[in-house]
Amino acid sequence: MTNDRSTMALTTAEVEQLRAQFPILGRLGRDGRPIVYLDASATSQKPQRVIDAEADFYSHHNAAVNRGTHMLGDESTEAFEQARSVVAGFVNAQPQEVVWTKNATEAINLVAYAMSNASAGMGGAEAKRFAVGPGDRIVATRAEHHANLLPWQELCKRTGAEFAYLDLEPDGRIDLNTLDVITPNTKLVAFTHVSNVTGAVSPVEQVVQAAREVGALVLLDTCQSSAHMPVDVQKLGVDFAVFSSHKMLGPTGIGALWGRYELLDAMPPVLVGGSVIGHVTMEDTIYLPPPTRFEAGSQPVAQAVGWAEALRFLGEIGMDRIAAYEDQITSEMIKVISEVDGVRILGPADTTGRIGVVAFEVEGIHPHDVGQYLDSESVAVRVGHHCAIPLHTFFNVRSSNRASASVTTTLDEVHRFGEALSRVRGFFGGF
Ligand code: PLP
């Protein structure tokens, strides 16, 4: 992203110490060498202390939360709520603004369905600010993961609102000349902080400003940023942000929606049932305040505890230092990919304003073949459309390969990847 952070970057020795805490990084791949894991964008690997935190919860504290009057119930409730505070602290939010969800996809759907419910009259007068219908507009971008696209398309279909999107520069960055799609009838702008295909960091400030000028709400998808750079929801100035534990060194099965409290407080519930109520009669229900209002049924308690441990781990390293280190890795990744003949990067080929998520196309070779060849050299990359078909269509390809780095990626690994990539075309075509 920027080079002036190099002085605070993690050192090679520090990264080696970190790597030693990830048992899976000791696994050997198909050719007997250690696996070069370049698929952190899909899911991150977990340090031992995250695995231990979940096991410790089940071994010593497990009980239903917010239920029991017994000691274990108190301990599990405390661990659960402490985890919420850790997640909140990590992004500079208040605990009561953090709603647990199954993943980031569910967090986005939660907002979309709450808007649907408000549009159908649920939640009374307070919820009217979320109602949309014919004449209103929802805006996303062409660079979205399907998780931040389909919920808005469907919301528009259900309510009659119109859907529009910010378009892209040829290298996949958001084209600020298309900000005028954020018209005065726009109710919400949803966009990704970092693209899971191009690695480009979105111009958050400009998009938020355009949304503010027309009074639209803003939702930010931080799935690809929050393990790689500091994310401060206050500084970003958005209204909602979604998080995914499994991309942040935490367990699968949990994510979170962050929302400004006054917004969450006015929003109708989506999933309803146990745990969300103040009172119920056979005719009606009074719902609890947020975040409980949005957390129906049993919750992913052990996963919350594990996620909190992952965030302590990241916090102890320092997100600034991680970002600075990953800048160096990103530069090297771009360099080694660019050096291979017949390989096109889908996204910015420079190293500013981007992170180490690099999709690429190998001329004449199907991405699955590329992925399989790399796997034969124990290099793990993603193949497919990465849940971003419109973005692939924009780049005129059906699918691609994607190498994505994390705090444990080393320069040696990047070089092994580059060497393996340089052999792909020769292997398949004798070029
Ligand atoms: N948004 C982006 C940009 C992603 O990369 C992903 C996952 O790949 C998601 C959303 C969905 O995240 P989750 O798996 O937490 O639902």
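Scroll up a little and you will see the structure.
The sections below set out a description of the structure shown in this document. (Residues numbered from 1 in each chain as written. Predicted model: local features only at pLDDT ≥ 70, side-chain atom pairs only at ≥ 80, totals over all residues. Heavy atoms only, no water.)

Focus: the overall build of the protein
Worth spelling out the cut-off: Secondary structure elements follow DSSP: runs of H or I no shorter than four residues count as helices, runs of E no shorter than two count as strands, and numbering proceeds from the N terminus. Accessibility here uses a 1.4 Å probe with only protein chains present; expressed as a share of the type maximum, an area under 20% marks a residue as buried, one over 50% as exposed, and anything in between as partly exposed. In this description, contact between two residues means that some pair of their heavy atoms is separated by no more than 4.5 Å. Surface accessibility follows the Shrake-Rupley procedure with a 1.4 Å probe radius. Residue values consider only the protein chains on display as shielding.
Counting secondary structure elements, the protein contains 13 helices and 15 strands. The dimensions of the protein, computed from C-alpha atoms along their principal axes, are 75 × 55 × 40 Å. Counting over 431 residues, the protein shows a buried share of 56%. Excluding contacts between residues fewer than 6 apart, the proportion of contacts in the protein whose partners are at least 24 apart in sequence is 71%. With an accessible surface of roughly 17,600 Å², the protein has 53% of that area assigned to carbon and sulfur atoms.

A few points about the packing of helix α10 (residues 319-338) against helix α13 (residues 411-429)
Between two packed helices, the angle of one axis relative to the other and the distance separating the axes together describe the packing. Using the following cut-off: Axis definition: a line fitted to C-alpha atoms, over the contacting stretch in the case of helices. Angles run 0 to 180 degrees between N-to-C directions. Should an angle fall under 35 degrees it is taken as roughly parallel, and over 145 as roughly antiparallel, whereas 65 to 115 is taken as roughly perpendicular and any remaining angle as oblique. With the far helix as reference, a near helix turned anticlockwise by less than a right angle produces a left-handed crossing, and one turned clockwise produces a right-handed crossing.
Where α10 meets α13, the axes come as close as 9 Å, and the angle between the chain directions of the two elements is 15°. Relative to α13, α10 is oriented roughly parallel. For the crossing formed where α10 meets α13, the hand is right-handed. On the side of α10, the interface is formed by Tyr325, Gln328, Ile329, Glu332, Met333, Val336 and Ile337, while α13 contributes Leu411, Val414, His415, Phe417, Gly418 and Leu421.

Here we look at the pattern of salt bridges
The condition is simple: What makes a salt bridge here is a side-chain nitrogen of Lys or Arg within 4 Å of a carboxyl oxygen of Asp or Glu, nothing more.
One pass over the full model with this rule turns up 25 salt bridges. For glutamate 262, the salt bridge goes to arginine 129, with nearest N and O atoms at 3.3 Å. Residue glutamate 262 is found in helix α8 (residues 261-266), and its partner arginine 129 is found in the loop between α4 (104-119) and β3 (137-141); the two are separated by 133 residues along the sequence. Salt bridges sharing common partners tie together Asp31, Arg33, Glu377 and Arg423.

Describing the packing of helix α2 (residues 48-61) against helix α3 (residues 71-90)
Rules: Residue classes follow a fixed rule: Ala, Val, Leu, Ile, Met, Phe, Trp, Tyr, Cys and Pro count as nonpolar, while Asp, Glu, Lys and Arg count as charged, and any other residue, Gly among them, counts as polar.
Their axes nearest at 10 Å, the elements α2 and α3 cross at an angle of 160°. Comparing the axis directions of α2 and α3 gives the class roughly antiparallel. Contacts between α2 and α3 involve Phe57, His60 and His61 on the former and, on the latter, Leu72, Glu75, Ser76 and Ala79. Classifying every residue of the contact of α2 with α3 by side-chain character gives three nonpolar, three polar and one charged.

So, the nonpolar core
Threshold: What is meant by a nonpolar core is a set of buried Ala, Val, Leu, Ile, Met, Phe, Trp, Tyr and Cys residues, joined one to another through side-chain atoms within 4.5 Å.
Leu374, Phe417 and Leu421 are the most contacted members of the largest nonpolar core, which has 100 residues in total. Dropping the residues within four chain positions of it, leucine 374 is found in contact with Val379, Val381, Phe417, Ala420, Leu421 and Val424. If you look at the next biggest cluster of nonpolar residues, it comprises 32 residues, including Val111, Ile138, Phe240 and Phe294.

With respect to the site of the ligand
Our working definition: One heavy atom within 4 Å of a molecule or strand makes the whole residue count as near it. In the analysis that follows, any N or O atom pair within 3.5 Å is treated as a polar contact, provided that within protein one partner can donate a hydrogen and the other can accept it, and provided that, for residues neighboring in sequence, both atoms belong to side chains.
Taken together, 13 residues surround the ligand, and among them Thr105, Asp221, Gln224, Ser244 and Lys247 come closest. Glutamine 224 places a polar side-chain atom, nitrogen or oxygen, 2.7 Å from an oxygen atom of the ligand. Side-chain polar atom of histidine 246 to an oxygen atom of the ligand: 2.9 Å apart, as the coordinates give it. Here the ligand, which alone exposes 390 Å², has 90% of that area covered by the protein. Its residues assigned to classes, the shell around the ligand shows three nonpolar, eight polar and two charged.

Here's the deal with α13
Rules: Here a helix's expected span is defined as the number of its residues, less one, multiplied by 1.5 Å. Note that the bend at a residue is defined as the angle between axes fitted to the seven residues ending at it and the seven residues starting at it.
Compared with the 27 Å implied by 1.5 Å per residue over 19 residues, the 28 Å span of α13 between its first and last C-alpha is a close match. Roughly 25° is the biggest bend found in α13, and it falls at arginine 423.

Describing the sheet that holds strand β11 (residues 343-346)
Applicable threshold: Two strands form a pair only when DSSP identifies at least two bridges running between them.
Spatial ordering of the open sheet is given by β11-β12-β15-β14, a layout of four strands whose pairing is antiparallel. Of all the strands in the sheet, the pair left with one neighbour each is β11 and β14 (382-384). When strand polarity is set aside, the average angle formed by the axes of neighbouring strands in this sheet is 30°. Bridge count between β14 and strand β15 (residues 400-404): three bridges; the pairing is antiparallel. Bridge pairing in β15 places arginine 382 opposite arginine 402. Packing of helix α11 (residues 367-376) onto the sheet brings it into contact with β12 (357-362), β14 and β15, and relative to β15 it is tilted by some 40°.

Looking at the sheet that holds strand β6 (residues 217-221)
Pairing in this open sheet of seven strands is mixed, and the strands run β2-β8-β7-β6-β5-β3-β4 from one edge to the other. Edge positions in the sheet fall to β2 (98-101) and β4 (162-166), since each has one partner strand and no second. The mean angle between the axes of side-by-side strands here comes to 20°, regardless of whether they run parallel or antiparallel. Taken together, the three bridges between β6 and strand β7 (residues 240-244) define a ladder with parallel strand orientation. The partner of leucine 220 across the bridge, within β7, is alanine 241. Across the sheet, helix α5 (residues 150-159) is in contact with β3, β4, β5 (186-192) and β6; its angle to β4 comes to roughly 150°.

Topic: the packing of aromatic side chains
Quick reminder of the rule: Note on aromatic contacts: the rings of Phe and Tyr and the six-membered ring of Trp form a pair at centre separations within 6.5 Å, being stacked when their planes are under 30 degrees apart, edge-to-face when over 60 apart, and tilted otherwise. Working rule: Lys NZ or Arg CZ, within 6 Å of ring centre, within 35 degrees of ring normal, means a charge sits over the ring.
Applying the stated criterion across every chain, the model contains eight aromatic pairs. Consider the rings of phenylalanine 57 and tyrosine 58, whose centres lie 5.9 Å apart with planes at 65°: the pair is edge-to-face. On the accessibility criterion, tyrosine 58 (49% relative accessible area) is partly exposed. On the numbers, 4.9 Å between centres and 85° between planes, the contact of phenylalanine 427 with phenylalanine 428 is edge-to-face. Of the residues examined, phenylalanine 427 reaches a relative accessible area of 55% and is grouped as exposed. Against the face of phenylalanine 80 rests arginine 84, its NZ or CZ located 5.4 Å from the ring centre.

Some points on unusual backbone geometry
Of all residues except glycine, most have a negative phi; of all peptide bonds, most are trans. Residue proline 290 is joined to proline 291 through a cis peptide bond whose omega torsion reads 0°. Phi is positive for asparagine 396, which is not a glycine, with a value near 65°. The class for asparagine 396 is exposed, based on a relative accessible area of 71%.

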